[in-house]
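Chain by chain, the residues:
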Amino acid sequence: MSTVQSEPTSSVASRATDLVARARAAQQPWAAKTPEQRAAMLRQAQQAILARAAELAELIGAETKKPLAESYSSEVLGVADLFAYWCKYGPGLLRPRKGKVPSLEMPGKTAWVERLPRGVVVCISPWNYPISLPMRTIVPALLAGNAVVLKPSEITPGTGRWLVDAMHTVLGDVIGVADGDGEMGAALVEAGPDQVVFTGSTRTGRKVAVACAERGIPCDLELGGKDCAIVLDDAAVERTAAGIAWGIVTNAGQNCSGIERVAVHAAVAGKFVPALVRELQRAAADVPELVTPAQRHLVESHVRDALDRGAKLLTGELTPPEQPLPPLLLTDVDRDAPAWKDESFGPVAVLIVANDDAALVALANDSRYGLGASVWGGDLKRAEQVARQVRSGMVWVNNHSFTGAVPDLPWVGLGDSGTGVTNSPEALEHLTRPHLLVIDRASALEAWWYPYGPAMVELMKTVVDRQRSGGLGATLRTLKALKTRMAEIARARQN
Ligand code: NDP
């Protein structure tokens, strides 16, 4: 679907090239500032955005159909927190690390491992959280000294442009925005940035990864999911049902970490299933419409296919297109059906009952995705044990998914959910490159330099022996061997 006028491919390519070039020119003076100076400017950018928070929240609602409460809770607030976290902790996290160099064999050296910006980061973003998702990359990337070009989804172009315009007034060309659809995304990769951070579907992510690999560009992928909630037999029924209902329907289920599968212990199913049905029915009033007709068609096709194969709806029904889709809970779903296997990205989940913890874990792990999962239970030790057996990047005990709004915690998946990390100090490893700087204050020649001789071999043997046995005796033998070796070098150089 396209909301922008189509333009000749060469013009898309040249706009992409211009954007990357402009960002590249601005990046060097930006990187020359200290992290503290950059943090001070990012605080001003935060103020520029938050001063117009109400306008932003309205715009998000208009483009994504989110209720105003969610525009604030999952987008505007998230942005405020991201700036606050990175401006406070980022400079410390970027401080160079002093490397450990063996002082006996390699005297007089100081090594610094610095975190340098990669250069120009292209951030390709989806429409479901058009502000908070790209900002998880934009804020730490800028703080680390990169320039960023944002490619928002064609479905939410206004929000992306608003955000970048607000930041551009303070930061200038280190932040840019690329209007356009997937063709523009591909052209930005072609334009040769230094890093691509892609959030979106597994299908597109694969294409982006191939294009990056062909050009040797590092690439982070944050992709789809099919999260499972495991309900143990000692779960607090009411709270668990309320939490899982939220996990299924928040943002109309258009969440990479939306709960799309619920695996329930048979011993609690009799109480839990009616409670979940009640919660989903109660939530119906707050569920917005799906963002696009295409998305709705996909969700409905999963439900229809499951029903055709013999599944039942425990709550909800397929409604005419002019009415929003209510929360839908399916049971008796064939595990080969797309409703079980593929990401639906709507207010729909599949419920399945099993008799013990091992069977519940096996159900959760029956997926090619691996983004999030949750385990709900009263005995926290047991719940933690179950949680550790689930194959996913993130697992929450007695909650789901809320940590996307906590900047210190990594957002990470595996398998078809991608390999990227956003949020947290760990994300800096992707947005910067390690750079080694070594200062040598030694005046003597090195024991491993030419010319080689028998004393060199003896020294190496002594060093190996020291690694093997350790202790003072081995250190003294190494010192002696070093002395002999240095004398050997000196003799050889006199000839
Ligand atoms: P898409 O994969 O369709 O699009 C994502 C972005 O990629 C859009 O900006 C799109 O542009 C752009 N794009 C499309 N084709 C290309 C290409 N060939 N090269 C470069 N860029 C391209 O995803 P959706 O926008 O539909 O978002 C929904 C998906 O995102 C879901 O699968 C969801 O699970 C996932 N997601 C993952 C998250 C995570 O953290 N793991 C978080 C949130 C969502 P355009 O839209 O303009 O065509």
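Please refer to the structure higher up on the page.
Starting from 1, residues in each chain are numbered consecutively following that chain's sequence as written. Since the coordinates come from a predicted model, pLDDT governs what is reported: local features require at least 70, and pairs of side-chain atoms require 80 or more to be given and counted, while whole-chain, interface and lining totals use all residues. Values reported for side chains reflect all heavy atoms of the structure, with hydrogen atoms and water molecules removed beforehand.

1. Structural notes on a nonpolar patch on the surface
Patches here are clusters of residues that have more than 30% relative accessible area and form no salt bridge, with a 9 Å joining cutoff for like charges and a 5 Å cutoff for nonpolar side chains (Val, Leu, Ile, Met, Phe, Trp, Tyr). Shrake-Rupley sampling with a 1.4 Å probe provides the accessible areas, and residues are treated as covered by the protein chains on show and by no other component. Between Lys or Arg on one side and Asp or Glu on the other, a salt bridge is scored when a side-chain nitrogen of the former is within 4 Å of a carboxyl oxygen of the latter. Taken together, Met106, Leu445, Trp448, Trp449 and Met460 make up a surface patch of nonpolar side chains, about 440 Å² in accessible area. Each helix is a run of DSSP H or I of at least 4 residues and each strand a run of E of at least 2, with the numbering of both proceeding from the N terminus. Position of Met460 among the secondary structure elements: in helix H16 (residues 454–469).

2. Some details on the site of the ligand
Residues in contact with the ligand amount to 29 residues; listed here are only the nearest, Ser125, Glu154, Ser201, Leu223 and Glu343. Here an oxygen atom of the ligand sits 3.2 Å away from a polar atom, N or O, in the main chain of Gly182. Distance and chemistry together define a polar contact, namely a pair of N or O atoms within 3.5 Å, with one atom able to donate a hydrogen and the other to accept it when in protein, and with adjacent residues in sequence counting only for side-chain atoms on both sides. Within the contact set of the ligand, a nitrogen atom lies 2.6 Å away from a backbone nitrogen or oxygen of Leu223. Look at the ligand: alone it shows 910 Å² of surface, and the protein chains cover 88% of it. Where the shell around the ligand is concerned, the elements lending two or more residues are helix H7 (182–190), strand E6 (195–199) and helix H8 (202–215). Proximity is defined per residue: any heavy atom of the residue falling within 4 Å of a molecule or strand makes that residue near it.

3. Let's talk about the pairing of strand E12 (residues 348–354)
With a 1.4 Å probe rolled over the protein chains alone, any residue whose accessible area is under 20% of its type maximum counts as buried; one over 50% counts as exposed, and the rest are partly exposed. With 6 of 7 residues buried, E12 lies mostly within the body of the structure. Two elements, strand E9 (residues 259–265) and E12, share 5 bridges in a ladder whose sense is parallel. Residue pairing for E12: Val262 is matched across the bridge by Leu351. By the bridge criterion, 4 bridges tie strand E11 (residues 328–331) to E12 in an arrangement that is parallel. Looking at E12, one finds that Leu329 is bridged to Ala349. For two strands to count as paired, DSSP must find a minimum of two bridges between them.

4. Things to note about the sheet that holds E11
Spatially, E10-E11-E12-E9-E8-E13-E14 is the arrangement adopted by the 7 strands of the open sheet, whose pairing is mixed. The open sheet has two edge strands, strand E10 (312–315) and strand E14 (394–397), and neither has a second partner. Between one strand and the next, the sheet's axes are offset by a mean angle of 25°, whatever the strand orientation. Throughout, a residue-residue contact means that at least one pair of heavy atoms, one from each residue, lies within 4.5 Å. To obtain each axis, a line is fitted to C-alpha atoms, and for helices this fit is confined to the stretch in contact; angles are then taken between N-to-C directions over 0 to 180 degrees. Strands in contact with helix H10 (residues 266–283) are strand E8 (227–231), E9, E10, E11 and E12; relative to E9, the strand with the most contacts, it is inclined by about 145°.

5. Structural notes on the pattern of salt bridges
Oppositely charged side chains may form a pair once their charged atoms are brought near each other. Counted under the stated rule, the structure contains 28 salt bridges. For the salt bridge of Arg485 with Glu488, the shortest nitrogen-to-oxygen distance reads 2.7 Å. Of this pair, Arg485 and Glu488 both sit in helix H17 (residues 471–494), 3 residues apart, roughly one helical turn. Accessibility expressed as a relative area gives 0% for Arg485, which makes it buried.

6. Section: the nonpolar core
Put simply, buried Ala, Val, Leu, Ile, Met, Phe, Trp, Tyr and Cys residues joined by side-chain atoms within 4.5 Å make one nonpolar core. Within the largest apolar cluster, 65 residues are counted, with the highest numbers of intra-cluster contacts made by Ile49, Phe83, Met135, Ile138, Leu142, Met167 and Leu171. In contact with Ile49, not counting residues within four places along its chain, are Leu56, Val79, Phe83, Met135, Trp162, Leu163, Ala166 and Met167. Residues Ala283, Val299, Val350 and Val386 belong to the second largest nonpolar core, which totals 56 residues.

7. Comments concerning the packing of aromatic side chains
Note on aromatic contacts: the rings of Phe and Tyr and the six-membered ring of Trp form a pair at centre separations within 6.5 Å, being stacked when their planes are under 30 degrees apart, edge-to-face when over 60 apart, and tilted otherwise. Applying the stated criterion to the full structure yields 5 aromatic pairs. Ring plane angle 50° and centroid distance 5.1 Å describe the contact between Tyr85 and Tyr89, whose orientation is recorded as tilted. Of this pair, Tyr85 and Tyr89 both sit in helix H4 (residues 68–93), 4 residues apart, which is roughly one turn of the helix. Classification of Tyr85 by relative accessible area gives buried; the value is 10%. Ring pairing ties together the aromatic residues Tyr85, Trp86 and Tyr89, which thus form one cluster. Against the face of Tyr129 rests Lys66, its NZ or CZ located 3.8 Å from the ring centre. Sitting above the plane of the Trp411 ring, Arg136 keeps its charged end 4.8 Å from the centroid. Remark: a charge is flagged as sitting over a ring if the NZ atom of Lys or the CZ atom of Arg is within 6 Å of the ring centre and within 35 degrees of the ring normal.

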